[in-house]
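Coordinates in review
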Amino acid sequence: MRRSKIILIALLALLPNLLIGQDTIRLADLYAQMEQWSKIYRISSANDSVFSYKKANIKSNYLPSLDFNAEATWQSDVTSINIPVPNISVPSPDKDNYKVTVDVTQLIWDGGATRSKINMEEKAHLMDQTKVESEIYGLKEKVSKLYFGLISIDIALEQLKVMAGELDNRIDELTASVKAGVVLESSLNMLKAERLRLEQSIDANRAQRSQIVSTIYSLTGVKIDTNDVVVVPNLPIPNQDGCLRPDYKLFDLQNTYLSAANQALNAKRLPKLAAFARAGYGKPGLNMLSNEFNTFAIVGARLSWNIWDWNSTSRERQTLKIQQNIVNYRKATYNDNCSAQIAASLEQINSLDKQIQKDEQIVQLLEKAVRESASQLKNGAITSSSYISDFNSLLRAKIEMSLRNVKRSQEVVNLYFILGLSVNE
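The rules behind the values
- Residues numbered from 1 in each chain as written.
- Predicted model: local features only at pLDDT ≥ 70, side-chain atom pairs only at ≥ 80, totals over all residues.
- Heavy atoms only, no water.
- Helix = DSSP H or I, 4+ residues; strand = E, 2+ residues; numbered from the N terminus.
- Buried < 20%, exposed > 50% of the residue type's maximum accessible area, 1.4 Å probe, protein only.
- Contact = heavy atoms within 4.5 Å.
- Expected span 1.5 Å × (residues − 1).
- Phe/Tyr/Trp six-rings, centres within 6.5 Å; stacked < 30°, edge-to-face > 60°.
- Lys NZ or Arg CZ within 6 Å of the ring centre and 35° of its normal.
- Pairing = 2+ DSSP bridges.
- Patch = residues over 30% accessible without salt bridge, like charges linked within 9 Å, V, L, I, M, F, W, Y side chains within 5 Å.
- Areas by Shrake-Rupley, 256 points an atom, 1.4 Å probe, with all protein chains shown as cover.
- Salt bridge = Lys/Arg side-chain N within 4 Å of Asp/Glu carboxyl O.
- Disulfide = S-S within 2.5 Å.
- Axes fitted to C-alpha atoms, helices over the stretch in contact; angles between N-to-C directions.
- Parallel < 35°, antiparallel > 145°, perpendicular 65-115°, else oblique.
- Left-handed = near helix turned anticlockwise from the far one by under 90°.
- Nonpolar A, V, L, I, M, F, W, Y, C, P; charged D, E, K, R; others polar.

**Thoughts on the environment of Ser 134**
Position of Ser 134 relative to the elements: it lies in helix H5 (residues 113-179). Ser 134 sits in the partly exposed class, given a relative accessible area of 22%. Along the chain, Ser 134 and Leu 250 lie 116 residues apart, while their C-alpha atoms are 8.9 Å from each other. Every residue in contact with Ser 134, bar those within four places of it in the chain, is listed here: Pro 246 and Asp 247.

**A closer look at the environment of Leu 66**
With respect to the helices and strands, Leu 66 occurs in strand E2 (residues 65-74). Assessed through its relative accessible area of 63%, Leu 66 is described here as exposed. The spatial distance from the C-alpha of Leu 66 to the C-alpha of Asp 103 is 5.8 Å, given a sequence separation of 37 residues. Each residue touching Leu 66, except ones within four places of it in the same chain, is listed here: Val 102, Asp 103 and Val 104.

**Describing unusual backbone geometry**
For the bond from Lys 283 to Pro 284, the omega torsion is -5 degrees, close enough to zero to count as cis. Along the chain, the position of Pro 284 falls in the loop between strand E5 (272-283) and strand E6 (294-304). You will see that Trp 310, though not glycine, has its phi angle at about 55 degrees, which is positive. By the secondary structure assignment, Trp 310 is in the loop between E6 and helix H8 (312-378).

**Considering helix H6 (residues 185-220)**
In a regular helix each residue adds 1.5 Å, so 36 residues correspond to 52 Å; H6 covers 52 Å between its end C-alpha atoms and thus fits that length. Backbone geometry just after H6 places Gly 221 at a positive phi near 80 degrees.

**Brief notes about the packing of aromatic side chains**
Using the criterion set out here, one finds 10 aromatic pairs in the structure. The interplanar angle of 85 degrees and the centroid separation of 6.3 Å between the aromatic rings of Tyr 31 and Phe 417 together place this pair among those described as edge-to-face. Residue Tyr 31 is found in helix H3 (residues 27-37), and its partner Phe 417 is found in helix H9 (residues 384-419); the two are separated by 386 residues along the sequence. For Phe 417, a relative accessible area of 4% puts it in the buried group. Joined through ring pairs, the aromatic side chains of Tyr 31, Tyr 137 and Phe 417 make up one cluster. In this structure, Lys 140 packs its charged tip against the face of Tyr 31, placed 5.4 Å from the ring centre.

**Some points on the pairing of E5**
Bridge count between strand E3 (residues 96-109) and E5: 11 bridges; the pairing is antiparallel. When the sheet's bridge partners are listed, Val 102 is paired in E5 with Ala 279. Strand direction decides the pairing type here: E5 and E6, joined by 11 bridges, are antiparallel. The residue of E6 that forms the bridge with Ala 274 is Arg 302.

**Overview of a nonpolar patch on the surface**
A cluster of nonpolar side chains, contributed by Leu 66, Phe 68, Val 100, Val 102 and Val 104, occupies part of the molecular surface with about 450 Å² of accessible area. Only E2 and E3 provide two or more residues apiece to the nonpolar patch. In terms of residue count, E3 provides more of the nonpolar patch than any other element does, three residues in total. Structurally, Phe 68 can be placed in strand E2.

**Examining the state of the cysteines**
Across all of its chains, the model carries zero disulfides by this definition. There is no disulfide at Cys 243, and the cysteine sulfur nearest it, in Cys 338, is 3.7 Å away. For Cys 243, a relative accessible area of 11% corresponds to the buried category. For Cys 338, a relative accessible area of 6% gives the class buried.

**So, H5**
For H5, built from 67 residues, the straight-helix expectation of 99 Å at 1.5 Å per residue is met to within 8% by its first-to-last C-alpha distance of 99 Å. Following H5 by one or two positions, Gly 181 has its phi on the positive side, about 80 degrees.

**Points about the packing of H6 against H9**
Packing of H6 against H9 brings their axes to within 9 Å, and their N-to-C directions diverge by 25 degrees. Between H6 and H9, the crossing angle belongs to the class labelled roughly parallel. The two elements H6 and H9 cross, and the hand of that crossing is right-handed. Seen from H6, the contacting residues are Ser 187, Met 190, Leu 191, Glu 194 and Leu 198; seen from H9, they are Ser 384, Ser 385, Tyr 387, Ile 388, Phe 391, Asn 392 and Leu 395. Looking at the contact of H6 with H9, its residues break down into seven nonpolar, four polar and one charged.

**Quick word on the environment of Leu 63**
In this structure, Leu 63 sits in the loop between helix H4 (42-59) and E2. Residues Leu 63 and Met 34, 29 residues apart in the sequence, show an inter-C-alpha distance of 43 Å. What Leu 63 contacts, discounting residues up to four positions off in sequence, is Thr 105 and Gln 106.

This is how it looks when you write it as structure tokens:
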């Protein structure tokens, strides 16, 4: 509850500057805008088109094939009959031959080879889409880091501005004391120098903010103005039931692809049956003893079966088995790393919770000390150096407490990314 109040107070401090022309920026909104802006999202639809064409090409195996052939040959010798037969003259074929044919082949059964190719192509398509999801996931993680970097800078800027205003008040008070002769002018000058240092820090943070805003725009197309409210996500700690990241999903898809490839090998070893028809025109036709141009036609069926491939299929199957083992090894390693990251993230969140509780106590004590120092400085009881030391301690403590709250929120979002869960805030 205290942590939520601190974040709320830090954001409410921005309200006086945000009442005009302000927009509310959320991390989930940036993700949604990425879908419209980033070209990487277009790869998915392109992959769908490629898969559609490949699948259509493979399915064409079921359709009849039509081939046109033309051939002209000359041979050095021809078959002739030299046995004399009374009253019968056997002509000798010409040495030149001409033939034009149209062949039609229709697949009847291929042992499931075409179906296996389609199955493999479907699995390959899913892997391609998952790789794109993984790239998108990486971009979201990058946007998340930039987003929290922006929040951290905004909080630091607001704290610097508040403390600059506080320092201005002290300068005004000390100016009056200098005129009254209660405080030396050197003490006033030290406060003014410290005020200039604060202005330097504000300028540096503004420059860094501008760089982050530009990078976020390049990734999402969202322009974040200085008056926009950047909301800190307030997500609950999720259940650690398992990893759903696209990278993890890819391992299972790789295994299913290799299984499909193994089934394709089985289909490859089965016989194939096809019907065919040939129509042609040539010299000679089907009568090899004729020297005239004639039409001809042939119809039939063809069975082909590669009964021996010199163990090529067996070696391919062993290769697939080794590849599956490699995928399983990588999956186990990834699972171990994921578990370690989850444990580290939870430990970091618990550590930040404890540190934030201490931050609240530190800020309360330092606020009291600065109030006392301000009163003593006004009355000339202490030097400006002592007051600046207390002032800077409080400034650092407030910034550290605010940034630790942001860091905790970022760590929870990081845990969501480790687990592959959606960030909806």
